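Chain by chain, the residues run as shown.
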Amino acid sequence: MSAAPLRVAVLGTTSSGKSTLAAALAEHYQTLWVPEYLREFVDTEERVPVAEDQFHIAATQRDREDAAAPRAHQYLFCDTAPLMTLVYGRHYFGGFDQQLGALAASHRQDYAITLVTAPDIPWVEEGLHRESEEVSVIIDRMLLDELAARGIPYLLVSGDPAERLSQVERHLR
């Protein structure tokens, strides 16, 4: 039986390149990545989430990670994590429920590595998502503050996709 893969959380605001980076890393390391469930939720439900959806979204994301982990090799790249859902809950709904808080509290144990994508690439509107370029700046600051408050180390990746991949490769060595 092989060792469980190291889970790598890829966090950042909307349109900061999380999905692009997670997919590129999975391809580079010949392993899997778990796409952000929120995108599927918004497309399927044809609406933005409300406060009561937050735990469901975060729990589904984690369930999909758990399902992918046995098939991943060395790393499992996770396009977002419950901690990101918690940050959005604070911004949009003024808080979060206990279940989401408990799920996000285990971030240090659940993810071996945390990457944060800098919002330094051109912002692109994403359909029904309610975020704007201005909100992205606020969410980025909230995320960095949350990571600091929880003592979670992270690598801030920036630049074009090739630069970001190179930064993470160096970090993973």
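The structure under discussion appears in the preceding block.
A brief look at the structure comes next. (Residues numbered from 1 in each chain as written. Predicted model: local features only at pLDDT ≥ 70, side-chain atom pairs only at ≥ 80, totals over all residues. Heavy atoms only, no water.)

Focus: the overall build of the chain
What counts is decided by this rule: Helix numbers and strand numbers start at the N terminus; a helix is a DSSP run of H or I with at least 4 residues, a strand a run of E with at least 2. Taken over C-alpha atoms, the radius of gyration is set against a globule rule of 2.2 Å times the number of residues to the power 0.38. Burial classes: relative accessible area under 20% of the type maximum marks a residue as buried, over 50% as exposed, and values in between as partly exposed (1.4 Å probe, protein chains only). We call two residues in contact whenever any of their non-hydrogen atoms come within 4.5 Å of each other. When charges are counted, Lys and Arg are positive and Asp and Glu negative, with His and the chain ends excluded. Charge positions are represented by NZ for Lys, CZ for Arg, CG for Asp and CD for Glu.
The helix and strand inventory of the chain stands at 8 helices and 5 strands. Counting from the amino terminus, the chain carries its helices and strands in the arrangement β-α-β-α-α-β-α-α-α-β-α-β-α. Its C-alpha atoms give the chain a radius of gyration of 15 Å, within 12% of the compact-globule value 16 Å for 173 residues. Oriented by its inertia axes, the alpha-carbon framework of the chain measures out at about 40 × 35 × 35 Å. Counting only residues that meet the buried cut, the chain has 50% of its 173 residues in that class. Sequence separation of at least 24 residues holds for 78% of the intrachain contacts in the chain that already meet a minimum separation of 6. Measuring between centres, the 15 positive side-chain charges of the chain sit 6 Å from its 26 negative side-chain charges.

A word on the pattern of salt bridges
Note the following rule: Definition used for salt bridges: Asp or Glu carboxyl oxygen within 4 Å of a side-chain nitrogen of Lys or Arg.
Enumeration according to the criterion identifies 12 salt bridges in this entry. Notably, a salt bridge pairs Arg39 with Glu36, separated by 3.6 Å at the nearest N-O pair. Between Arg150 and Glu146 there is a salt bridge whose closest N-O contact spans 2.5 Å. Taken as a pair, Arg150 and Glu146 lie in helix H7 (residues 133-150) at a separation of 4 residues, close to a single helical turn. A cluster of three or more residues bridged by salt bridges with shared partners is formed by Arg7, Arg62, Glu65, Asp66 and Asp110.

Things to note about helix H8 (residues 161-172)
Operational definition: An expected span of 1.5 Å times one less than the residue number is assigned to each helix. Within 3.5 Å is the distance limit for a polar contact, defined as a pair of N or O atoms, with the added protein rule that one can donate a hydrogen and the other accept it, and that residues adjacent in sequence qualify only through two side-chain atoms.
Its 12 residues give H8 an end-to-end C-alpha distance of 17 Å, which sits within 8% of 16 Å, the value for a rise of 1.5 Å per residue. The secondary structure elements touched by the buried residues of H8 are helix H1 (18-28), strand S3 (75-79), strand S4 (113-117) and strand S5 (155-157). The opening residue of H8, the one whose side-chain oxygen lies 3.0 Å from the backbone nitrogen of Ala162, is Asp160.

A closer look at the packing of aromatic side chains
Cut-off, in case you're wondering: Two rings from Phe, Tyr or Trp (for Trp, the six-membered ring) form a pair when their centres are within 6.5 Å of each other. A pair whose planes differ by under 30 degrees is stacked, one over 60 is edge-to-face, and the rest are tilted.
One pass over the structure, following the stated rule, counts 6 aromatic pairs. Aromatic pair Tyr29 and Phe77: ring centres 6.0 Å apart, planes at 35 degrees, arrangement tilted. Here Phe77 lies in strand S3 and Tyr29 lies in the loop between H1 and strand S2 (32-34), a separation of 48 residues in the sequence. Centre to centre, the rings of Tyr37 and Phe41 are 6.3 Å apart; their planes meet at 65 degrees, and the pair counts as edge-to-face. Residue Tyr37 and its partner Phe41 are located together in helix H2 (residues 37-45), separated by 4 residues, close to a single helical turn. Judged by relative accessible area, which is 10%, Tyr37 ranks as buried.

A word on the pairing of strand S1 (residues 6-11)
We apply this condition: In this description, strands pair whenever DSSP reports at least two bridges between them.
Along S1, 5 of the 6 residues are buried, which leaves the element largely enclosed by surrounding structure. Relative to S4, S1 runs parallel, the two sharing 4 bridges. Considered in S4, the bridge of Leu11 is made with Val116.

From the geometry alone we can't say anything about function, so treat these as descriptive.
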